[in-house]
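Each chain, letter by letter, is given below.
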Amino acid sequence: MLALADAQSRLSDLVKAARAAGADAADALYHGDRSTDVHVRLGALENVDQAEGEEIGLRVFVGQRSASVSASDLASDLLQALAERAVAMAREAPEDKYAGLGPEDRLLRGVIPDLDLDDGAEPGPASLKARALAAEGAARAVAGVSNSEGASASAGRSQIALATSHGFAGGYGASAHSVSASMLAERDGQKQRDGAWHWVRHLDELDAADAIGRMAGVRAVAKLGATKLPSGPLPVVFDPRVGGSLIGHLLGAISGSSIARRTSFLLEKLGEQVFAKGITILDDPHRRRGLRSRPFDGEGLPTAASNLIDAGTLTGWLLDSASARQLGLEPTGHAVRGVGGPPGVSASNVHIAAGGQSREALIGGVKRGLYVTELIGQGVNGVTGDYSRGAGGFLIEDGKLGPPVAEVTIAGNLKDMFLNMTAADDLAFRYAVNTPTLLVEGMIVAGG
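This write-up is about the structure you can find in this document. (Residues numbered from 1 in each chain as written. Predicted model: local features only at pLDDT ≥ 70, side-chain atom pairs only at ≥ 80, totals over all residues. Heavy atoms only, no water.)

A word on the overall build of the chain
For the chain, the helix and strand inventory stands at nine helices and 19 strands. By principal-axis analysis of the C-alpha atoms, the chain measures approximately 70 × 55 × 35 Å. Put simply, the chain has 448 residues, and 49% of those count as buried. Taking the intrachain contacts of the chain between residues at least 6 apart in sequence as the baseline, contacts between residues at least 24 apart amount to 73%. (Helix = DSSP H or I, 4+ residues; strand = E, 2+ residues; numbered from the N terminus. Buried < 20%, exposed > 50% of the residue type's maximum accessible area, 1.4 Å probe, protein only. Contact = heavy atoms within 4.5 Å.)

Quick notes on the environment of Leu 370
Mapping Leu 370 onto the fold places it in strand 14 (residues 368–376). Classification of Leu 370 as buried rests on a relative accessible area of 0%. Taking the C-alpha atoms as reference points, Leu 370 and Gln 273, 97 residues apart in sequence, are found 26 Å from one another. When near neighbours in sequence (up to four residues on either side) are disregarded, Leu 370 contacts Leu 229, Pro 235, Val 236, Val 237, Phe 394, Ile 396, Val 405, Val 408, Ile 410 and Val 445.

Some thoughts on the sheet that holds strand 9 (residues 306–310)
A sheet is described by the order of its strands in space; here five strands give the open sequence 10-9-8-13-18, paired in mixed fashion. Of all strands in the sheet, those with a lone pairing partner are strand 10 (313–314) and strand 18 (433–434), marking the two edges. In the sheet, strand 9 pairs with strand 10 via two bridges, with the strands oriented antiparallel. Counted as the bridge partner of Asp 310 is Thr 313 from strand 10. Sitting on the sheet, helix 5 (residues 240–253) is in contact with strand 8 (281–283), strand 9, strand 13 (350–352) and strand 18, with an inclination near 115° to strand 13. (Pairing = 2+ DSSP bridges. Axes fitted to C-alpha atoms, helices over the stretch in contact; angles between N-to-C directions.)

Quick word on the sheet that holds strand 4 (residues 145–164)
Taken together, six strands build an open sheet; the order of strands is 3-2-1-4-5-6 and the sheet is antiparallel. Only two strands of the sheet have a single neighbouring strand rather than two, namely strand 3 (65–71) and strand 6 (190–200). The average angle at which neighbouring strand axes cross in this sheet is 20°, direction not considered. The pairing of strand 1 (residues 25–41) with strand 4 spans 14 bridges and is classified as antiparallel. What sits directly across from Asp 37, in strand 4, is Ser 154. Against the sheet, helix 1 (residues 4–20) engages strand 1, strand 2 (44–62), strand 4 and strand 5 (169–187), with an angle of about 55° to strand 4. Where helix 4 (residues 209–222) meets the sheet, it contacts strand 4, strand 5 and strand 6, and its direction lies at approximately 150° from that of strand 6.

Topic: the packing of aromatic side chains
Evaluated as defined, the whole model comprises five aromatic pairs. Both rings, one in Tyr 172 and one in Phe 296, keep their centres 5.4 Å apart while their planes meet at 80°; by these two values the pair is edge-to-face. Pair noted here: Tyr 172 is in strand 5 and Phe 296 is in the loop between strand 8 and strand 9, with a separation of 124 residues, a long-range link. Given a relative accessible area of 17%, Tyr 172 falls into the buried group. (Phe/Tyr/Trp six-rings, centres within 6.5 Å; stacked < 30°, edge-to-face > 60°.)

Observations regarding the nonpolar core
Core analysis: the largest hydrophobic core is formed by 49 residues, its most contacted members being Phe 238 and Ile 410. Top contributing element to this core by residue count: helix 5, with six residues. Non-local contacts of Ile 410, meaning those with residues more than four positions away in its chain, are made with Val 236, Phe 238, Leu 370, Val 372, Leu 375, Tyr 387, Ser 388, Arg 389, Ala 391, Met 443, Ile 444 and Val 445. The next biggest cluster of nonpolar side chains, apart from the first, holds 27 residues, and it includes Ala 23, Val 69, Ala 83 and Ala 86. (Core = buried A, V, L, I, M, F, W, Y, C linked by side-chain atoms within 4.5 Å.)

Here's the deal with empty space enclosed by the protein
With a probe scaled to a water molecule rolled over the atoms, the places where space remains empty come into view. If you walk through the whole model with that rule in mind, you get one cavity of 30 Å³ or more. Estimates place the volume of the largest cavity at around 40 Å³. Taken together, Asp 283, Pro 285, Arg 294, Thr 303, Ala 304, Thr 332, Gly 333, His 334 and Ser 348 make up the lining of the largest cavity. For the lining of the largest cavity, the per-class residue count stands at two nonpolar, five polar and two charged. (1 Å grid on protein atoms, 1.4 Å probe; cavity = no way out; pocket = protein on both sides within 12 Å on 5 of 7 lines; lining within 4 Å. Points joined across faces, edges and corners; volume = space filled by probe spheres on them. Nonpolar A, V, L, I, M, F, W, Y, C, P; charged D, E, K, R; others polar.)

Description of helix 5
Here helix 5 is 14 residues long and its end C-alpha atoms lie 21 Å apart, about the 20 Å a rise of 1.5 Å per residue gives. Taken together, the buried positions of helix 5 are occupied by Val 242, Gly 243, Gly 244, Leu 246, Ile 247, His 249, Leu 250, Leu 251 and Ala 253. (Expected span 1.5 Å × (residues − 1).)

Description of unusual backbone geometry
Here Leu 42, not a glycine, exhibits a phi torsion of approximately 55°, which is positive. Within the secondary structure layout, Leu 42 lies in the loop between strand 1 and strand 2. The backbone phi angle of Arg 289 is positive, close to 65°, even though this residue is not glycine. Checked against the element boundaries, Arg 289 lands in the loop between strand 8 and strand 9.

What to know about the environment of Ala 138
Here Ala 138 lies in helix 3 (residues 125–140). Ala 138 gets classed as buried once you look at its relative accessible area, which sits at 12%. On a C-alpha basis, the gap between Ala 138 and Asp 210 in space is 5.1 Å, while along the polypeptide they are 72 residues apart. Contact partners of Ala 138, with chain neighbours within four places excluded, come to Asp 210, Gly 213 and Arg 214.

Here you go:
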């Protein structure tokens, strides 16, 4: 894997080669990574996976025609041939009046923010094996756990660099550390599975392996005795580990491509109230050590924190340069891309701001409802907002969690669900998309 300085130099040479071959504009992206993953099961090592790779991608423009190529061999003579091939491809491509580099006057200039994404630690296989064994051992020690699907620990590092023909050059690195476990529990012939995991940028922030293991075991055992529910309307409370999926549907609906294609259930809602007034949703690409933090976007534009939803009101779209041109707007610094193909869009670290009441008070106000800890399937229509997914969790009775529930379906429409959402105050930053416990009134629960 190249050092960042070497990667940026290689990208600069590639962009120059593309211009020399006849491109009117070009950008090039480097991505390199290496990782080690150790998996154990029933106290024994199952496998050790180590991987290292790097790729470079080139996008060129000839007039309003463009083409993208990529390669994993970074030898200088091969990159020269890559540039020539890309330009030849672009000359044969159809015109696209919206394609092009990010606006030159919007590029990130000056010092690239240091977001403290790389801790420099690269634990070896022996250390990772010990961590995985500790997680599995703690999980298997939980009474009621009958078998193990295994535990794993991993560590890795990645490097990203970007250069454009109109003046941007930058890069950054990031480390990643994780531990996970998945357990099976059995009682009276019924089997249940569940797990736990944690992923961080800095090793010193990783939860203890035995704590992750115990959590996996306790979660699996807690699901034993699960029953179905009779069908009918019920308030549904989403645990923080699944609440982020609701925000994922919002992010898809406000992406520039969805708006430009007119395939979003929020198409005509810009500037309107789409969530309950107590809901504010923030996007923070500069969170230090954040799982999706980034100092610049996939086109070299600066990133900045913003409120996607401000007191229930939809404030804007997620736009790369192409979708912004199509909509007559400005890009928002949300472009992302791989080494092949044009950019798309993505939010960064997203969270719902904490509400004003505790989790206990939120649940305590529910006479009878469903507390969801697991979602299954992808039954969501991004055009209409219709929502229907398999779910599991616990019955809420008289404001307290009751027996486990499995094999039910929860349904509604996202437009109504967003407007009938209440957030508790238990926000914790644990995932890329974080939510406190969420209550959604007026859903339909279909049981067996």
